[in-house]
Amino acid sequence: MTPIHYLRRRNRVLSTVADSGLDGALLTRPVNVRYLTGFTGTNGWLLVTAEEVFFLTDPRYQQQAFAQVSDLSIVIAPRGLAKGFAEAVINSGMERVAFEPHHVTVILREQLEAMVDVEWVPFPMLVETQRCCKEAEEIEAIRAALLVSEAAFQEVANGLAPGQTEIEVASDLELYCRRHGAESMAFETIVASGSRSALPHGVASTRCIEAGEPIMIDLGCKIDGYCSDLTRMIWCGGMPSRHWLEVHDIVNAARAAALETIGPGIAAIEVDAAAREVIQDVGFGPAFVHGTGHGVGLEIHESPKVSSRSNQPLEVGMVLTIEPGLYLEGEFGIRIEDLVCVTEDGCECLTTLETEPMLRGTA
Ligand code: ZN
Ligand code: ZN
C-alpha cells in the first residue's frame, strides 16, 4: 500500500462527510486509522478536514509515526490524545465534525464536548462501509494469507496422528504460519475433535485425539494486516461412518449453492438463503446455528454479514467467507469454509484446497 492509496481513501471519507454538510471527521478506531494512514500502532487518531489532516499519537509512537505517516501533520500528545486534539484544532473554524459512535466511549464524548466547541455528529460505519470493497492489493494480501493457511493445513493434517492433543495440532498450525510469513494468527485457532466438533467455536483444548474421530480445523493468519479464514474437516484413523459422510455432503452442497448465488447486486440474505435451503430441505435446519458468512479484510469479521438478517447488496471487490455448518450435539459438527471475492460475473473462490474431507491414517 502506498501513500496514494491512503490519500484516496481519506478523500473518500472527506467527500462522504462533506455530502452530509460536515467539516471533517475524527477517526479513533485503530483499524480504521490504519486503513486511512498505514499506521500500525494501537494509539493514533486521525482528523480529516479539507484543509489539513492531523495525526495524533502519544510519545511511545513518535518514531513510528514519523516513519509511517510522514505525509500528515503529526501531533505528539503526551497528556492524552483528547487534549492534544483540542489544542491542535482550537482555531480551525470547524463547526460540525463526524465521529465513530460505535467506538467513542461515553466518557470520551463528554471530554471532546467539553474541550472542543464544535457539533459532534455520530457517523456510523463511516470507514467500514468503504472498507467492504477491496482494492487489488488488499485482495492479494488476503490471498497470500490464505495460501499460508492452506499450506499449514495440508502440512499438519498430513502428519496428524491419534494421540496428539488439539493444542499440539493448533500450535503446529500456528508455527507453520509464522514460519511462512504470517505476522500473527487472525483469530484463536479452532481444532475440535470427536464430539467437540459440534461446538461451532471449539478452540483447541487439551483433549487427546483418538483414532476413528472427526476433527474440525478452522484457522486464519495475517499478512500485511489482512486476514485469511479457512475451515476443513479431517477424519483421523479408519473410515468415517456413512452418516458423517452424508452430513459432510449436505454441508458441501450448501456451500456450493451459496457460491452459485453470489454476484454483484445480490443481497447477502439471498446467499444465506441458498445455503440454508439445502440444509432445511433435508431436515437439519435447526442445526445450522449461525450465518453463512462474513466479510474479511483487516478484521476477521467485518461487513458485509452474510446472514438471514442482512439485506446488504453485494458489490464487486467484496471478500467474504461462505461457511455453512451443522452441529449435532453429542455426535459431531461439520463446517466447510471458503473465502471468495465478488466479481463482475459472480465470484472467484480464493480458497484452493479441495472441499472433500481429508482421510488420515485410513486402513
Ligand atoms: Zn473460520
Ligand atoms: Zn469465518
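In this text the structure is predicted, and so the values were computed from the model without any measurement. Positions within a chain are numbered from 1, following the residues in the order the chain's sequence is written. The lettering of chains begins at A and the numbering of ligands begins at 1, in the order of writing. Where totals are concerned, whole chains, interfaces and linings use all residues; where local detail is concerned, this predicted model gives features only for residues with pLDDT of at least 70, and gives and counts side-chain atom pairs only at 80 or more. In computing side-chain values, all of the structure's heavy atoms are included and hydrogens and water are not.

1. A word on the overall build of the protein chain
Then, number 1: Numbering goes from the N terminus for both helices and strands, where a helix is a DSSP run of H or I of at least four residues and a strand is a run of E of at least two. On a plain count of helices and strands, the protein chain comes out with ten helices and 20 strands.
Then, number 2: The globule rule is 2.2 Å times the number of residues to the power 0.38, and the radius of gyration it is compared with is taken over C-alpha atoms. Since a compact globule built from 363 residues should have a radius of gyration of about 21 Å, the 23 Å found for the protein chain is in line with a globular shape.
Then, number 3: Across its three principal directions, the C-alpha atoms of the protein chain cover 75 × 40 × 35 Å.
Then, number 4: Looking at the protein chain residue by residue over its 363 residues, the buried ones come to 56%. Each residue is placed in one exposure class: buried if its accessible area under a 1.4 Å probe, protein chains only, is under 20% of its type's maximum, exposed if it is over 50%, and partly exposed if it falls in between.

2. As for helix α4 (residues 81-89)
Then, number 1: Among all positions of α4, only Leu 81, Ala 82, Gly 84, Phe 85, Ala 86 and Val 89 are buried.
Then, number 2: Whether two residues are in contact is decided by their heavy atoms: any pair within 4.5 Å suffices. Contact partners of the buried residues in α4: β1 (24-27), β2 (44-49), β3 (53-57), β4 (73-76), α5 (106-115) and β6 (119-122).

3. A word on the sheet that holds strand β12 (residues 230-236)
Then, number 1: Two strands qualify as a pair provided that DSSP identifies no fewer than 2 bridges between them. Pairing is mixed in the open sheet, where four strands are placed in the order β8-β9-β12-β20. Of all strands in the sheet, those bounded by a partner on one side alone are β8 (190-193) and β20 (358-360). The mean angle between the axes of side-by-side strands here comes to 20°, regardless of whether they run parallel or antiparallel.
Then, number 2: Pairing geometry for β12 and β20, over three bridges, is parallel. Its bridge partner being in β20, Cys 236 is matched across the sheet by Arg 360.
Then, number 3: Contacts from helix α7 (residues 136-158) reach β9 (213-219), β12 and β20 within the one sheet, and its direction differs from that of β12 by about 5°.
Then, number 4: Angular values range over 0 to 180 degrees, each being the angle between N-to-C directions of two axes fitted as lines to C-alpha atoms, with helices fitted over their stretch in contact. Packing against the sheet, helix α8 (residues 166-179) makes contact with β8 and β9, and its axis sits at approximately 150° to β8.

4. Describing the sheet that holds strand β10 (residues 221-223)
The pairing of strands in a sheet comes from backbone hydrogen bonds and takes either a parallel or an antiparallel form.
Then, number 1: Here three strands make up an open sheet; going across it, the order is β7-β10-β11 and the pairing antiparallel. Of all strands in the sheet, those with a lone pairing partner are β7 (184-185) and β11 (226-227), marking the two edges.
Then, number 2: Here β7 pairs with β10 via two bridges, running antiparallel. If you follow Met 185 over to β10, its bridge partner there is Cys 221.

5. A look at the domain arrangement of the protein chain
Where interface size is quoted, it is often the accessible area lost as the parts come together.
Then, number 1: Annotation of the protein chain at the domain level lists domain 1 (3-131) and domain 2 (136-360).
Then, number 2: Just the C-alpha atoms count here: the centres of domain 1 and domain 2 sit 35 Å apart.
Then, number 3: Counting residues at the interface gives eight residues for domain 1, matched by nine residues for domain 2.
Then, number 4: By definition, the buried area sums, over both parts, the 1.4 Å-probe accessible area that each loses when the two are put together. In this assembly, domain 1 packs against domain 2 so that about 710 Å² is buried in total across both faces, 42% of it on carbon and sulfur atoms.
Then, number 5: Counted as salt bridges are all cases of a side-chain nitrogen of Lys or Arg within 4 Å of a carboxyl oxygen of Asp or Glu. Our count for the domain 1 to domain 2 interface comes out at four salt bridges.
Then, number 6: Note that Glu 299 is salt-bridged to Arg 29, the shortest N-O span being 2.5 Å.
Then, number 7: Here a polar contact means two N or O atoms within 3.5 Å. Within protein one must be a hydrogen donor candidate and the other an acceptor candidate, and residues neighboring in sequence count only if both atoms are side-chain atoms. Counting the contacts that link domain 1 with domain 2 gives five residue pairs in polar contact (both at pLDDT 80 or more).
Then, number 8: Those elements giving two or more residues to the side of domain 1 that touches domain 2 turn out to be α1 (3-19) and α2 (30-37).
Then, number 9: Sorting elements by how many residues they give to the side of domain 1 that touches domain 2 places α2 first, with three residues. How far each domain reaches was decided by an automatic or database domain assignment.

6. Concerning the packing of aromatic side chains
Then, number 1: Classification of ring pairs rests on two measures: the distance between centres of Phe, Tyr or Trp rings, Trp counted by its six-membered ring, which must be within 6.5 Å, and the angle between planes, read as stacked under 30 degrees, edge-to-face over 60 and tilted in between. By the definition in use, this model includes six aromatic pairs.
Then, number 2: Look at Trp 45 and Phe 85: their rings are 6.3 Å apart centre to centre, the planes differ by 70°, and that puts the pair in the edge-to-face class. With Trp 45 in strand β2 and Phe 85 in helix α4, this pair connects stretches of sequence that are 40 residues apart.
Then, number 3: On the numbers, 4.9 Å between centres and 65° between planes, the contact of Trp 235 with Trp 244 is edge-to-face. Both residues of the pair, Trp 235 and Trp 244, count as buried.
Then, number 4: Grouping aromatic residues by their ring pairs yields a cluster made of Trp 45, Phe 85, Phe 99 and Trp 120.
Then, number 5: A cation sits over an aromatic face here: Arg 9 above Tyr 35, 4.0 Å from the ring centre.
Then, number 6: Should the NZ of a Lys or the CZ of an Arg lie within 6 Å of a ring centre and within 35 degrees of the ring normal, that charge is described as sitting over the ring. One cation-aromatic arrangement involves Arg 276 over Phe 288; the distance from NZ or CZ to the ring centre is 4.0 Å.

7. Quick word on the packing of α7 against α8
Then, number 1: One can describe the packing of α7 onto α8 by two numbers: an axis separation of 9 Å at closest approach and a directional angle of 135°. Put simply, α7 runs oblique to α8. Read as a crossing pair, α7 and α8 show a hand that is right-handed. For the pair α7 and α8, contact is made by Val 148, Ser 149, Ala 151, Ala 152, Phe 153, Glu 155 and Val 156 and by Val 169, Asp 172, Leu 173, Tyr 176 and Cys 177, respectively.
Then, number 2: In the scheme used here, Gly and all other residues not listed as nonpolar or charged are polar, with Ala, Val, Leu, Ile, Met, Phe, Trp, Tyr, Cys and Pro taken as nonpolar and Asp, Glu, Lys and Arg as charged. In terms of residue class, the contact of α7 with α8 is made up of nine nonpolar, one polar and two charged. Each angle is binned into one of four classes, with values under 35 degrees roughly parallel, values over 145 roughly antiparallel, values of 65 to 115 roughly perpendicular, and all other values oblique. By definition, any crossing whose near helix is turned counterclockwise from its far helix by less than a right angle is left-handed, and any crossing with a clockwise turn is right-handed.

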